[in-house]
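Notes for the structure review
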Amino acid sequence: MPSCRCLLRFSYFLFLFTVAFAGDPYVSYDWTVSYVTASPLGVEQKVIAVEGQFPGPILNVTTNWNVVVNVKNNLDEPFLLTWNGVQHRKNSWQDGVSGTNCPIPAGWNWTYEFQVKDQIGSFFYFPSLNFQRAAGGYGGIIINNRDVIPLPFGTPDGDITLFISDWYTKRHKELRKDVESGKDLGPPDGILFNGLGPYRYDEKVVPGGIVYEMINVEPGKTYRFRVHNIGISTSLNFRIQSHNLLLVETEGSYTVQQNYANMDIHVGVAILHYSNSQGPASGPLPDPPIDSDSYFSMNQARSIRWNVSAGAARPNPQGSFKYGDITVNDVYVLLNRPVERIDGKWHTTLNGISYYTPSTPLKLAQQFNIPGVYKLDFPNRLMDRPAKVDTSIINGTYKSFIEIIFQNNDTSIQNYHMDGYAFFVVGMDFGVWTENSRVTYNKWDGVARSTTQVFPGAWTAILVYLDNAGIWNLRTENLNSWYLGQEVYISVVNHETDNTESLLPENAIYCGVLSPLQKDQAHRVKFSSAPSVRKVSRTVVLAFLIAVLGSFFW
């Protein structure tokens, strides 16, 4: 097979600032979110589309641009979009999660307005409520470098965004009922690639009639792949047969460039069909990784390092921020356990607390000084008491440096994401974290990102500089665990005079105890029937071998 140098832009799953600076452009989008009919695995079902597309359109912007997205909710239930990886500098009003925003009611619209301040990289958006991510509603976010800051690699000949995910033929409403009742969802019905089913590499395994993704490539060219695992919980391994993958970026941080034969994004295998190929893809699929080899996966994760000499969103090198020299002000050891019953219902917990979503978002309650909505008493460690359901959040100190250790006492891989920030992944290992574990920390070139994996029976340590005022969500990205309460919020308040944090948006939606403040929208969205997803023909076959390495999400 002809050789092809392949750049892999790795998205590990980041938010902003509405104060616009002179000269920063505005881009505006008008998106309708609705159900459409599709058959990604040969079974007709309703999926969530954005502007009739599944996956949705790519938000392609440049550092410091101002973004305006008017979202019309044409579903039959409330909806919010969150911008996974966008840091929303001092503007958590635009975060799009239950702790910061009232849901957009069915038939209503709401306009997000934010600035992608001092960021570059590959991210994505998705629905944050009601298990809706399992039905789609997601799409890519590309934040390009400004022209004055060069890429730390040659300009690619093409740019390809890949969404890989586990997929079930049940509707998301049925899946969430199963999760609520304590049922294990079991293995997925298949793996999707950009919303389409697998290539029929084996007639005994893959049924006929399934439309698969095809992408055209040219021999001898270099392509940048932005790969996102957007599924529920299945860990997937990505590879392209007979090609190496050069990792160059993860969640907005340029990495030390290393070649990999495969990469845990914890789908299997891709087969490229070149434009000069005389026939279909052929040959056996390469062997998958050993699904029990957690040590291989952990060593691969440890090998990913920050490129401290490269510039990113700013001209100065990434390594200018000497995170290893900063004194830690506070330490949280966050322990998760398998799903358990609390007061007769199934829940997941952090430090023995399953997050309860109040009807009034935390940020609105803070803005209007409403007592009793939440408590600033989340414990630093697991306490010797029964598990409970509560709205307890972390009281962060503005411009403090905190250490968070994730201890995974579950049997599956967990992925944790923090909105509003990029943190430094400084260590991970099997066993129980102790004070002595700090001697293994990487205090020089640990990658700055917003999501990290925690292997079962293991721990991962991160360092975070709390310089972004607001209320920010810290959650597992495993959708079933998140839905059952494995999340917490961090309140970061600048008690000094701070005119830079964004004010309450004029178009804010009010709910809960503030519902009387809400005015009815004059114009509602008109509902329409579900059209079919257009089948797009392209020319490179990408087939996937499922590598279920454990419940995992990037």
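Conventions and cut-offs
- Residue indices begin from 1 for each chain and proceed along its sequence in written order.
- In view of the model being predicted, local features appear only for residues whose pLDDT reaches at least 70, and side-chain atom pairs are presented and counted only at 80 or more, with totals across whole chains, interfaces and linings using the full set of residues.
- Hydrogens and waters are ignored; side-chain quantities use all the structure's heavy atoms.
- Counting from the N terminus, the helices are DSSP H or I runs at least four residues long and the strands are E runs at least two residues long.
- Here the accessible surface of atoms and residues is derived via Shrake-Rupley with a 1.4 Å probe, and residues count as covered only by protein chains that are part of the display.
- Each pair of strands is called paired provided DSSP finds at least two bridges between the two strands.
- pLDDT is a per-residue confidence score from the predictor, ranging from 0 to 100.
- Contacts were defined at the residue level, with two residues in contact if any of their heavy atoms lie within 4.5 Å.
- What counts as an axis is a line fitted to C-alpha atoms, over the stretch in contact for a helix, and the angles between N-to-C directions run from 0 to 180 degrees.
- Burial classes: relative accessible area under 20% of the type maximum marks a residue as buried, over 50% as exposed, and values in between as partly exposed (1.4 Å probe, protein chains only).
- In this context, the arc is that of the directions from the helix axis out to the C-beta atoms.
- The aromatic pairing rule takes the rings of Phe, Tyr and Trp, using the six-membered ring of Trp, and pairs them if the centres are within 6.5 Å, calling planes under 30 degrees apart stacked, those over 60 edge-to-face and the rest tilted.

Each helix and strand counted, the protein has 4 helices and 31 strands in total. If you sum the accessible surface of the protein, you get close to 21700 Å²; carbon and sulfur atoms cover 50% of it.

Next up on the list: the pairing of strand E2 (residues 26-38). Two elements, E2 and strand E5 (residues 66-73), share 8 bridges in a ladder whose sense is parallel. Looking at the pairing, Tyr26 lines up with Asn66 of E5. Here 6 bridges tie E2 to strand E3 (residues 45-50), and the two strands are oriented antiparallel to one another. The residue of E3 that forms the bridge with Val36 is Val47. Linking E2 back to E3 in an antiparallel pair, the connection comprises 6 residues, with Gly42 at a positive phi of about 85 degrees.

Overall, the prediction assigns the protein a mean pLDDT of 86, with 84% of residues at 70 or greater. In this model residues 266-274 is a low-confidence stretch, pLDDT under 50, and it forms 64 contacts with partners more than four residues away in sequence or in other chains. Predicted confidence for residues 525-554 stays below pLDDT 50, and this span has 132 contacts to residues more than four positions away or in other chains.

So, about the sheet that holds strand E6 (residues 81-84). Read from one edge to the other, the open sheet built from 4 strands follows the order E4-E9-E8-E6, with strand pairing classed as mixed. The outermost strands of the open sheet, each flanked by one partner alone, are strand E4 (59-62) and E6. On average, each strand axis in the sheet is tilted by 20 degrees relative to the strand beside it, whichever way the strands run. Examined bridge by bridge, E6 and strand E8 (residues 121-127) share 4 bridges and lie antiparallel to one another. Paired with Leu81 across the strands is Pro127, a residue of E8.

Before going further, it helps to spend a moment on helix H1 (residues 172-180). If you check which residues of H1 are buried, you get His172, Leu175, Arg176, Asp178 and Val179. The arc that holds the buried residues of H1, viewed along the axis, is 155 degrees, so those residues lie on one side. For H1, the secondary structure elements touched by its buried residues are E2 and helix H4 (479-483). Trailing H1 by a residue or two, Gly182 shows a phi angle of about 85 degrees, which is positive.

Below, the discussion takes up the packing of aromatic side chains. Inspection of the entire model under this criterion finds 28 aromatic pairs. Seen from their ring centres, Tyr323 and Phe424 are 4.2 Å apart, and the 15 degrees between their planes marks the pair as stacked. Of this pair, Tyr323 sits in the loop between helix H2 (294-303) and strand E18 (330-336) while Phe424 sits in strand E26 (residues 423-430); the two residues are 101 residues apart in sequence, bridging distant segments of the chain. For Tyr323, a relative accessible area of 1% translates into the label buried.

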